[in-house]
Amino acid sequence: MARDTVTIVDNRTGRSCELPISEGALRATDLNKLGLVSYDPAFMNTASTRSAITFIDGDKGILWYRGYPIEQLAERASFLEVAFLLIHGELPTARQLEDWTWQITHHTWVHENVKKFMDGFHPDAHPMSMLISSVAALGTFYPDAKLYRDPGHRMLQIYRLIAKVPTLAAFAFRHALGRPYVYPDNDLTYAGNFLGMVWKMTELKYKPEPALERALDVLFVLHADHEQNCSTNAMRSVGSSGVDPYSATAAAAAALYGPLHGGANEAVLRMLRELATPARIPDFIRKVKAGEAKLMGFGHRVYKNYDPRARIIKRMADGVFAVTRPSPLLPIALELERIALQDDYFVTRKLYPNVDFYSGLIYEALGLPAEMFTVMFAIPRTAGWLAQWAEMLGDPEQKIARPRQIYVGPGRRDVVPLGRRV
């Protein structure tokens with residue numbers, strides 16, 4: 001009868017070891033029995049945790065939150081329902097959603113001193129840098145954040161962060177424009193309130209365009225979590241030190257800031273603008289194949305099929321452009337996608353459109369500059385980061401993150417006195 005084990009033989013010494021296989025994985029620490037460590041730069045094939053939050057099958061283009069397909073959640077659930085699902089493990093009942101929505105809605109306001117340190121940034125400061133700094137600073141207003149081991153205090157910080165990150169994001173945007181900050185409106189939805197804090201001017205009551213409000217809510221659903229990506233790994237790694245969730249969230253947001261992660265949709269928009277016209281696409285494709293240019297928004301570390309989030313965003317774009325001016329970049333994007341899905345060069349490399357390819361066009365249609373795109377990513381991902389952080393806290397196997405290394409530096413040597421060094 002087959003055993004759930006694997007036998008490893010060290011051909012240098014002849015020693016062998018039978019290691020157990022559990023859930024399709026070996027425990028790296030079992031390699032200690034042979035005096036070995038595993039070497040896996042960038043965690044290409046290493047699982048750092050057991051998680052029940054997000055499931056991805058990259059070959060089939062599948063994304064589930066807590067077992068629910070992303071397509072169903074985007075169509076049938078609001079972002080706050082999805083945030084509840086990520087944190088608590090189940091979709092809320094009507095009563096639970098009412099209580100959850102009340103808590104989030106009534107924690108959106110920030111201390112007045114937040115405006116003071118926001119005003120300290122230069123007007124041309126990148127809004128993502130402002131968000132990272134202000135999230136970290138937010139923790140100084142809540143000394144009880146250090147009591148997160150208590151379930152009540154932990155949930156209070158989750159309410160605060162999910163509620164206040166959109167406020168900080170909107171303040172950063174308004175600061176860049178030199179406009180007065182707009183306070184939250186408790187009568188609006190989560191997405192509608194953000195739009196109000198961004199765009200409200202002199203009107204007594206801001207009323208968001210329903211199609212744009214719905215589109216933003218769906219984008220928030222699609223970006224809420226995505227397994228153990230770079231920023232989530234940062235959230236878990238920094239959080240494993242026992243730091244408060246504001247500091248860990250700021251670290252995750254800093255990881256998201258990178259152009260290879262959350263900044264990718266900003267890079268897509270720059271690429272489309274540089275192309276300017278579909279007529280320039282054939283020459284651009286030639287350069288991509290020659291390694292002289294990079295096709296942004298195609299391919300994914302995990303997905304080897306069409307990113308399911310990209311399909312949803314592409315369908316939703318039509319509804320957005322129906323109430324805004326059509327994007328002049330859309331024909332370029334559609335032609336790039338058409339070529340990439342037919343050209344053997346891209347098909348054989350499984351370079352399909354990812355979530356970043358169309359999301360930038362929608363954010364631009366909402367009137368947001370490219371510098372805000374990563375900020376828009378961080379708002380919903382805060383819920384996912386906090387779900388991952390809370391799961392880590394409850395996992396008895398998790399300790400402070402401390403990867404091993406393979407030392408490749410010099411051997412032992414003695415210090416030569418300064419006058420004798422050459």
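Structural notes, computed from the coordinates. Model, not experiment: these values are computed from the prediction.

Let's shift gears to the overall build of the chain. Counting its regular elements, the chain contains 17 helices and five strands. Here the C-alpha radius of gyration of the chain, 24 Å, is about what a compact globule of 422 residues would show, namely 22 Å. By residue count, 48% of the 422 residues in the chain fall in the buried class. If you sum the accessible surface of the chain, you get close to 21600 Å²; carbon and sulfur atoms cover 55% of it. Distance from the positive charge centre (49 side chains) to the negative charge centre (45 side chains) of the chain: 6 Å.

For Asp307, the position within the fold is in the loop between helix H12 (281-289) and helix H13 (308-323). We classify Asp307 as buried; its relative accessible area is 0%. Separated by 48 residues in the primary sequence, Asp307 and Val355 place their C-alpha atoms 6.5 Å from one another. Not counting residues within four places of it along the chain, the set of residues in contact with Asp307 comprises Pro353, Asn354 and Val355.

Moving on: helix H14 (residues 330-342). What sets the pattern is the α-helix's 3.6 residues per turn: residues three or four places apart point alike. In a regular helix each residue adds 1.5 Å, so 13 residues correspond to 18 Å; H14 covers 19 Å between its end C-alpha atoms and thus fits that length. Here the buried face of H14 lies against helix H11 (264-275), H12, H13, helix H15 (344-348) and helix H16 (355-365).

Locating His226 in the fold gives a position in the loop between helix H8 (210-222) and helix H9 (230-239). When the C-alpha atoms of His226 and Ile53 are compared, they prove to be 9.0 Å apart, with 173 residues separating the residues in sequence. Ignoring anything within four residues of it in the chain, the contact list for His226 reads Thr54, Ile56, Leu63, His300, Tyr303, Arg309 and Arg381.

Calculation notes
- Residues numbered from 1 in each chain as written.
- Predicted model: local features only at pLDDT ≥ 70, side-chain atom pairs only at ≥ 80, totals over all residues.
- Heavy atoms only, no water.
- Helix = DSSP H or I, 4+ residues; strand = E, 2+ residues; numbered from the N terminus.
- Rg over C-alpha atoms; globule rule 2.2 N^0.38 Å.
- Buried < 20%, exposed > 50% of the residue type's maximum accessible area, 1.4 Å probe, protein only.
- Areas by Shrake-Rupley, 256 points an atom, 1.4 Å probe, with all protein chains shown as cover.
- Lys, Arg positive; Asp, Glu negative; His and termini not counted.
- Charge placed at Lys NZ, Arg CZ, Asp CG, Glu CD.
- Contact = heavy atoms within 4.5 Å.
- Expected span 1.5 Å × (residues − 1).

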